[in-house]
Amino acid sequence: MRVRFWGVRGSTPVPGKGTVRYGGNTSCIEIRSRSGDLVILDGGTGIRPLGLELAKSDPLTCAIFITHPHWDHIHGLPFFAPLFIPGNTVDIYCPPDPIHMRGAEYILENQMIYPHFPIRRAELRADVRLLTLSEGQYVEVGDLTIGNVLMNHPSMNLGYRVEGDGASLFFTGDHEPFTNVYEPEDSEHAEYQRLVDRRTASVDEFVSGVDLLIADGQYSEEEYATRVGWGHSSFGHALDFARRVGSPELVLTHHDAIRNDAELDAIDAQLKKRPEAVGLHVRLAYEGLEMMLGET
């Protein structure tokens, strides 16, 4: 199973001379099975250059799994070139909007309507299906199996476990550790803590034993302290997650838009020296990073 990163930023694209090495595109990961089955995780702006590469050889069949429909995870979709090529088949999976009880059709189709975009879904030339995922649902894409678990984010965010070719990986999407919203002296604290512990254990069990953990690591611990509730993890949270689930390899992604290449280099070096990183292969994601997992 081959993994390639096409977009590693969070919140907004950040092109420019300061982001050349790590890249300025938002979330997008390509996964290929040994037999050529194609799964794409997230449709941030990184999906645009991926689409241009894929358009060189058609017909194409692929499945795109959106962790959640915040802009930085979907705003590359209308620029995914294979959608405009007859004969291609593209399935796009997305979690629902539980607040307004709307599914993938509404969420993604309305991204391409006036006055926001000049091309409507009806004008796409590929065979495109918009499919709403339920929590815990499994999908088979050729030799790859994709399962999901509900993470913690202000939007319904599904973390994806992908298995195939004797290997497995998990991508958190955007995730903040489950925490108790009550103070210890509050009467609701103990009951809510039991809920926090159950949710944490449920996610850990689902992720346990993966060969590769791709995790939201947007903030330092100091930054996170002023951004609790924003739906993202600190570097320490990601390291702790990897150790709890027994993953030997951790790749941090969703880099904060404020960071340039030099700052990310410094973070990468510091992470490798942290006591929590002992026994882990830790690195920061960058556009073009390729990894091979399992059978080759």
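Note that this is a predicted model, so its numbers are computed, not measured. (Residues numbered from 1 in each chain as written. Predicted model: local features only at pLDDT ≥ 70, side-chain atom pairs only at ≥ 80, totals over all residues. Heavy atoms only, no water.)

Enquirer: I would appreciate a short explanation of the overall build of the protein in the present structure.
Expert: A tally of helices and strands in the protein yields seven helices and 14 strands. Over its C-alpha atoms the protein spans a radius of gyration of 19 Å, differing by no more than 12% from the 19 Å that the globule rule assigns to 296 residues. Counting only C-alpha atoms, the protein reaches 60 × 40 × 40 Å along its principal axes. For the protein, contacts bridging at least 24 residues in sequence account for 66% of all contacts bridging at least 6. About 13,300 Å² of surface is accessible on the protein, with carbon and sulfur atoms providing 52% of the total. (Helix = DSSP H or I, 4+ residues; strand = E, 2+ residues; numbered from the N terminus. Rg over C-alpha atoms; globule rule 2.2 N^0.38 Å. Contact = heavy atoms within 4.5 Å. Areas by Shrake-Rupley, 256 points an atom, 1.4 Å probe, with all protein chains shown as cover.)

Enquirer: Would you mind showing me how to read the environment of Met-291 here?
Expert: Summarising the element assignment, Met-291 is placed in strand β14 (residues 290-292). Residue classification places Met-291 among the buried positions, given a relative accessible area of 6%. Spatially, the C-alpha atoms of Met-291 and Tyr-114 are 40 Å apart, while their sequence positions differ by 177 residues. (Buried < 20%, exposed > 50% of the residue type's maximum accessible area, 1.4 Å probe, protein only.)

Enquirer: How should I be thinking about a negative patch on the surface in this particular structure?
Expert: A grouping of Glu-183, Glu-185, Asp-186, Glu-188 and Glu-191 is seen on the molecular surface, where their side chains present a negatively charged patch. Mapped onto the elements, Glu-191 comes out in helix α4 (residues 189-207). (Patch = residues over 30% accessible without salt bridge, like charges linked within 9 Å, V, L, I, M, F, W, Y side chains within 5 Å. Salt bridge = Lys/Arg side-chain N within 4 Å of Asp/Glu carboxyl O. Lys, Arg positive; Asp, Glu negative; His and termini not counted. Charge placed at Lys NZ, Arg CZ, Asp CG, Glu CD.)

Enquirer: What am I meant to see in the pairing of strand β6 (residues 127-132) here?
Expert: If a strand is regular, its side chains alternate between the two faces of the sheet. Strand direction decides the pairing type here: strand β5 (residues 89-94) and β6, joined by six bridges, are parallel. Each bridged residue has a counterpart across the sheet, and for Thr-89 the counterpart in β6 is Asp-127. In this region the chain leaves β5, passes through helix α3 (residues 104-109) and returns to the parallel neighbour β6; the handedness of that crossover is right-handed. (Pairing = 2+ DSSP bridges. Right-handed = clockwise from strand over helix to strand, strands pointing away.)

Enquirer: What is the right way to read the pairing of strand β11 (residues 212-216) from this model?
Expert: Buried residues dominate β11, accounting for five of its five residues. Side chains Leu-212, Ile-214 and Asp-216 project from β11 onto one buried face, and the interleaved Leu-213 and Ala-215 project onto a second face that is buried too. Between the parallel pair strand β10 (residues 167-171) and β11, the chain is carried across by α4, and the sense of this crossover is right-handed.

Enquirer: Can you help me understand the state of the cysteines in this one?
Expert: A disulfide bridge is the covalent bond that connects two cysteines by way of their sulfur atoms. As enumerated under the stated definition, the model contains zero disulfides in all. The structure places no disulfide on Cys-28, whose sulfur is separated from the nearest cysteine sulfur, that of Cys-62, by 10 Å. Its relative accessible area of 0% is what places Cys-28 among the buried residues. Looking at Cys-94, it has no disulfide partner, and the nearest cysteine sulfur is the one in Cys-28, 15 Å off. (Disulfide = S-S within 2.5 Å.)

Enquirer: In this structure, what is going on with the sheet that holds β11? I would like to understand it.
Expert: Either a parallel or an antiparallel arrangement is found when strands of a sheet pair, and the pairing is made through backbone hydrogen bonds. Reading across the sheet, the seven strands line up as β7-β8-β9-β10-β11-β12-β13 and stay open at both edges, with mixed pairing between neighbours. Lying at the two open borders of the sheet, with one neighbouring strand each, are β7 (138-141) and β13 (281-284). Looking at each pair of strands side by side, their axes are set apart by 20 degrees on average, direction ignored. As paired strands, strand β12 (residues 249-253) and β13 are joined by four bridges and run parallel to one another. Bridging across to β13, Val-251 finds its partner in Arg-283. Contacting β10, β11, β12 and β13, helix α6 (residues 235-245) crosses the sheet at an angle of about 155 degrees to β11. Here helix α7 (residues 261-273) sits on the sheet and contacts β12 and β13; the angle it forms with β13, its principal contact strand, is near 170 degrees. (Axes fitted to C-alpha atoms, helices over the stretch in contact; angles between N-to-C directions.)

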